[in-house]
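Fold and geometry: a report
Residue-level listing of the chains:
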Amino acid sequence: MIYPWHLYLMAGMYVLAGCMHFVFPQAYLRIMPPYLPVHKSLVLWSGIAEIALGIALCFPTTKNWAIWGIIAMLTLFLTVHFYMLQGEKEAAGVPKWILVLRIPLQFGLMYWAYWYLQF
């Protein structure tokens, strides 16, 4: 292993999360803000991006690009997180306290990715 085990854990997490876009696309379609276009395409492409970025984390030549891509992707995903806070329908059955906790978690995930730029 070239990198610490927890970098590979992060990579696996993104690959698994990306695969879930194809296994359970309805779950993601249900939480898409109406102001975003082509929901189905966005769900599928975001899944592809998560898988590709997760894999790219594992290689020295692509690791830093993958980290910046993950940070950008997580920043974009904040739009969905804030949208889900707007009301019960938008929350799709997720308790409000979980939705609120997801915001700092998102920034924690960004910091976790950024931390690997030093390796």
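Here is a short report on the structure shown in this document. In this text the structure is predicted, and so the values were computed from the model without any measurement.

This brings us to the side chain of Q106. With respect to the helices and strands, the residue Q106 is situated in helix α6 (residues 96-115). Classification of Q106 as buried rests on a relative accessible area of 5%. Contact partners of Q106, with chain neighbours within four places excluded, come to L74, F77, L78 and H81.

The next point concerns a nonpolar patch on the surface. Together, W68, Y111, Y114 and W115 line one region of the surface with nonpolar side chains, adding up to about 480 Å² of accessible area. The biggest single contributor to the nonpolar patch is α6, with three residues. By secondary structure assignment, the location of Y114 is in helix α6. Given the relative accessible area of 44%, Y114 is considered partly exposed.

Turning our attention to helix α4 (residues 63-84). Since one α-helical turn is 3.6 residues long, residues separated by three or four positions face the same way. Relative to the 32 Å expected for 22 residues at 1.5 Å per residue, α4 spans 31 Å between its end C-alpha atoms, a close match to the ideal helical length. Listing the buried residues of α4 in full gives K63, A66, I67, I70, I71, M73, L74, L78, V80, H81, Y83 and M84. Summarising the contacts, the buried residues of α4 are in contact with α1 (5-23), α3 (39-56), α5 (88-91) and α6.

Conventions adopted
- Residues numbered from 1 in each chain as written.
- Predicted model: local features only at pLDDT ≥ 70, side-chain atom pairs only at ≥ 80, totals over all residues.
- Heavy atoms only, no water.
- Helix = DSSP H or I, 4+ residues; strand = E, 2+ residues; numbered from the N terminus.
- Buried < 20%, exposed > 50% of the residue type's maximum accessible area, 1.4 Å probe, protein only.
- Contact = heavy atoms within 4.5 Å.
- Patch = residues over 30% accessible without salt bridge, like charges linked within 9 Å, V, L, I, M, F, W, Y side chains within 5 Å.
- Areas by Shrake-Rupley, 256 points an atom, 1.4 Å probe, with all protein chains shown as cover.
- Salt bridge = Lys/Arg side-chain N within 4 Å of Asp/Glu carboxyl O.
- Expected span 1.5 Å × (residues − 1).

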